[in-house]
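Observations on the model geometry
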Amino acid sequence: MGTLYLVATPIGNLEDITLRALRILREVRLIAAEDTRHTRILLDHYQITTPCISYHEHNKLARQAELLAALQTGDVALVSDAGTPAIADPGQELVQTCLAAGHTIIPVPGPSAPLAALIASGMATDRFAFIGFLPRQQRERRELLSDIADLTLTIICFETPHRLLESLADIGDVLGARQIALANDLTKRFEMIMRGTAGELIEHFTHQPPRGEFTIVIAGTAQTESRKRERHRLHAAAPAAEPATIAAHLRRLRAQGLSASAAVRQTAQDLNVAKNTVYAIWLEIAADETA
């Protein structure tokens, strides 16, 4: 039975490919590519003539039978348009199907935009979470950001240029003034890595419209013991929030599209109020609006 190779390809600079990856792409009987036209540029550059077929988000299920048949007589390589396949790109389903059919899966590591951005960000690299592309809809995006707000590890995500300003605004609103490293067109001619808060980055891109692909690296929430003690001291000294203040805060978050759990969690954190107290007020608001 054949082997499925998961081959990482350059994210911009064509020189960023391993000798092993080139050998595998020459030796397999078939290459499954996210976009055959894009992959052909790489193959032509290195004079590789292996046949290619498309394998992308819209035909991945239909292609599985054909690729399984190809694996019965030889090896197959899977590549994405850039970087490591199955990381925010098609491939996960194919790997699962091939494993179930008894085929061997071998990764051929190489370029990865999330890792490239992380190591250049200047942020903690020992623990991090990659969450892929941020949701397109603001409500879902803000809910996700609220869910990860308490993570102390570094967060990495992707965003498109036409949604970048909206996502940066949501990051600032939900996560606060954290440090961000914004990597644009990594390894390409006009590669750029900017650092600052969401507000500072919005200011820049308001005057210079974003172009290209973006990888966002966000610092985790500060959780050192000294910072914890200081936060508890300040919260203890602060007067308890009035029910009217809590209700107003909840209504504002509800208007922004946050779910009950996300709004209650954020309000409790922002106002230093017990979650059960906030939730009780949320239920009162919901009851009043349905009455």
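Look up: the structure comes first, before these words.
Residues numbered from 1 in each chain as written. Predicted model: local features only at pLDDT ≥ 70, side-chain atom pairs only at ≥ 80, totals over all residues. Heavy atoms only, no water.

**Details of the overall build of the chain**
Scanning the chain for helices and strands turns up twelve helices and ten strands. When the backbone C-alpha atoms are referred to their principal axes, the chain occupies close to 70 × 40 × 35 Å. With 291 residues in all, the chain has 44% of them scored as buried. For the chain, the exposed surface amounts to about 15300 Å²; the carbon and sulfur share of it is 53%. (Helix = DSSP H or I, 4+ residues; strand = E, 2+ residues; numbered from the N terminus. Buried < 20%, exposed > 50% of the residue type's maximum accessible area, 1.4 Å probe, protein only. Areas by Shrake-Rupley, 256 points an atom, 1.4 Å probe, with all protein chains shown as cover.)

**So, the pairing of strand β7 (residues 154-159)**
The element β7 is largely enclosed, with a buried count of six among its six residues. Where strand β6 (residues 128-133) lies against β7, four bridges are found, and the strand directions are parallel. Looking at β7, one finds that Phe130 is bridged to Ile156. Read as a crossover between parallel neighbours, the route from β6 over helix α6 (residues 138-147) to β7 is right-handed. (Pairing = 2+ DSSP bridges. Right-handed = clockwise from strand over helix to strand, strands pointing away.)

**A look at the layout of surface pockets**
Any empty space left between atoms is shown by rolling a water-sized probe over those atoms. The space that makes up the largest pocket amounts to roughly 790 Å³. If you go around the largest pocket, you meet 33 residues; those closest to its centre are Ile11, Asp81, Ala82, Gly83 and Glu213. Examining the composition of the lining of the largest pocket, we find that four residues originate from one element, helix α2 (residues 36-45), more than from any other. Partitioning the lining of the largest pocket into residue classes produces 17 nonpolar, ten polar and six charged. (1 Å grid on protein atoms, 1.4 Å probe; cavity = no way out; pocket = protein on both sides within 12 Å on 5 of 7 lines; lining within 4 Å. Points joined across faces, edges and corners; volume = space filled by probe spheres on them. Nonpolar A, V, L, I, M, F, W, Y, C, P; charged D, E, K, R; others polar.)

**Points about the packing of aromatic side chains**
Throughout the structure, instances matching the rule amount to three aromatic pairs. Geometrically, the ring pair formed by Phe130 and Phe158 is edge-to-face, given 5.1 Å between the ring centres and 70° between the ring planes. On the criterion of sequence distance, the pair formed by Phe130 in strand β6 and Phe158 in strand β7 is long-range, its members being 28 residues apart. Given the relative accessible area of 29%, Phe130 is considered partly exposed. Look at Phe158 and you get buried, because its relative accessible area is 12%. (Phe/Tyr/Trp six-rings, centres within 6.5 Å; stacked < 30°, edge-to-face > 60°.)

**Digging into the sheet that holds strand β5 (residues 104-108)**
Backbone-to-backbone hydrogen bonds join strands into a sheet, with any given pair of strands oriented parallel or antiparallel. Spatially, the five strands line up as an open sheet ordered β3-β2-β4-β1-β5, and their pairing is parallel. Where the open sheet ends on each side, the last strands, each with one partner, are β3 (52-54) and β5. Mean inter-strand twist for the sheet, computed between neighbouring axes without regard to direction, equals 25°. The pairing of strand β2 (residues 30-33) with β3 spans three bridges and is classified as parallel. Directly across from Ile31, in β3, lies its bridge partner Cys52. Sheet strands in contact with helix α3 (residues 60-71) are β1 (3-7), β2, β3 and β4 (76-79), and its direction is about 155° off that of β3. (Axes fitted to C-alpha atoms, helices over the stretch in contact; angles between N-to-C directions. Contact = heavy atoms within 4.5 Å.)

**As for the side chain of Arg142**
Locating Arg142 in the fold gives a position in helix α6. Of the polar contacts made by the side chain of Arg142, one reaches the side chain of Asp170; its length is 2.9 Å. Setting aside chain neighbours within four positions, we find Arg142 in contact with Asp170, Asp173, Val174, Gln256 and Leu258. (Polar contact = N/O pair within 3.5 Å; in protein donor to acceptor, adjacent residues only side chain to side chain.)

**Concerning the nonpolar core**
In terms of nonpolar packing, the biggest core is built from 20 residues, with Ile171, Ile180 and Ile216 touching the most fellow members. Of all the secondary structure elements, the ones that give two or more residues to this core are β7, α7 (164-175), β8 (180-184), α8 (198-207) and β10 (214-218). With five residues, α7 is the largest single contributor of residues to this core. With residues near it in sequence (within four places) discarded, Ile216 still touches Ile155, Ile156, Cys157, Glu159, Leu164, Ile171, Ile180, Ala181 and Leu182. Among the nonpolar cores identified, the runner-up in size contains 17 residues, and Leu25, Ile48, Ala77 and Val108 belong to it. (Core = buried A, V, L, I, M, F, W, Y, C linked by side-chain atoms within 4.5 Å.)

Function cannot be inferred from these measures alone, as they are strictly geometric.
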